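Understanding the architecture of this molecule
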Amino acid sequence: MSVSLYKRIKNIIKKPEAPAPEKSVLDLEPGDIVDVSLVTYQVIGRTYYPQRRAVFLTLQDGNDLAYLKIEKREQVQHELYTAIDGRLDSFDEIPTTIEMEDVVYHLEEQYSGQVLTIGNTPFSMAGEQYVWDFQSDDRKLLRIEWQDGRMMMYEGESVIPADVQVMRAT
């Protein structure tokens, strides 16, 4: 009897377990739900850039796909993209200036590194990926990715952090 009484008292004074920390947008995975600029998306894919502390999420809203880039630098930066049709003759010859539909984009940053993928992503497997990020004078964004002989192009814009909300995380 005394052991049972001891266990009850111990459970009463035991500290409650700390709640699990909320998932940040950098931790989102397929199956999670995120709201970006008042549009609710399901995360269906995730490309992770370990060296850059960045993710490129594949988002789906009905039949529409979008891509959310989140990168943690001094502050967390968010950019929302849609895929566009386009091609360049060679990834070796990507220019520092690209003009599309009367918008001139200037190369802001070029990098490469290993990526890890989960779910439905533009490139279906992990590996070495090359990225070119461009910006126009009116702050429109252009992104080019190359991996294993395939090239993807996206156009987009910056999103303020307050416009990105995790709705449900698994």
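What you see is a predicted model; the values in this text were computed from it and never measured.

What counts, and at which threshold
- Residues numbered from 1 in each chain as written.
- Predicted model: local features only at pLDDT ≥ 70, side-chain atom pairs only at ≥ 80, totals over all residues.
- Heavy atoms only, no water.
- Phe/Tyr/Trp six-rings, centres within 6.5 Å; stacked < 30°, edge-to-face > 60°.
- Helix = DSSP H or I, 4+ residues; strand = E, 2+ residues; numbered from the N terminus.
- Buried < 20%, exposed > 50% of the residue type's maximum accessible area, 1.4 Å probe, protein only.
- Patch = residues over 30% accessible without salt bridge, like charges linked within 9 Å, V, L, I, M, F, W, Y side chains within 5 Å.
- Areas by Shrake-Rupley, 256 points an atom, 1.4 Å probe, with all protein chains shown as cover.
- Salt bridge = Lys/Arg side-chain N within 4 Å of Asp/Glu carboxyl O.
- Lys, Arg positive; Asp, Glu negative; His and termini not counted.
- Charge placed at Lys NZ, Arg CZ, Asp CG, Glu CD.

Moving on: the packing of aromatic side chains. Taken as a whole and judged by the stated rule, the model has seven aromatic pairs. A ring pair is formed by Phe56 and Tyr81, whose centres lie 6.1 Å apart and whose planes are at 50°; its orientation type is tilted. Here Phe56 is found in strand β3 (residues 54–61), whereas its partner Tyr81 is found in strand β5 (residues 76–84), with 25 residues between them in sequence. For Tyr81, a relative accessible area of 1% puts it in the buried group. Taking the centre distance of 5.1 Å and the plane angle of 65° together, the rings of Tyr67 and Tyr154 count as edge-to-face. You can see Tyr67 sitting in strand β4 (residues 64–72) and its partner Tyr154 sitting in strand β10 (residues 150–159), a full 87 residues away along the chain.

All right, on to a negative patch on the surface then. Negative charge collects at one region of the surface, where Glu99, Glu101, Asp102 and Glu155 lie side by side. Secondary-structure assignment places Asp102 in the loop between β6 (97–100) and β7 (103–119). We classify Asp102 as exposed; its relative accessible area is 74%.

What follows is about the pattern of salt bridges. According to the stated counting rule, one finds nine salt bridges in the structure shown. Its salt-bridge partner being Lys69, residue Glu79 comes within 3.7 Å of it at the nearest N-O pair. Of this pair, Glu79 sits in strand β5 while Lys69 is found in strand β4, placing the two residues 10 residues apart along the sequence. The exposure class assigned to Glu79 is buried, which follows from its relative accessible area of 13%. Overall, the relative accessible area of 6% leaves Lys69 in the buried class. Beyond isolated ion pairs, a larger network of salt bridges with shared partners links Arg52, Lys69, Glu71, Arg73, Glu79, Glu109, Asp133, Arg143 and Glu145.

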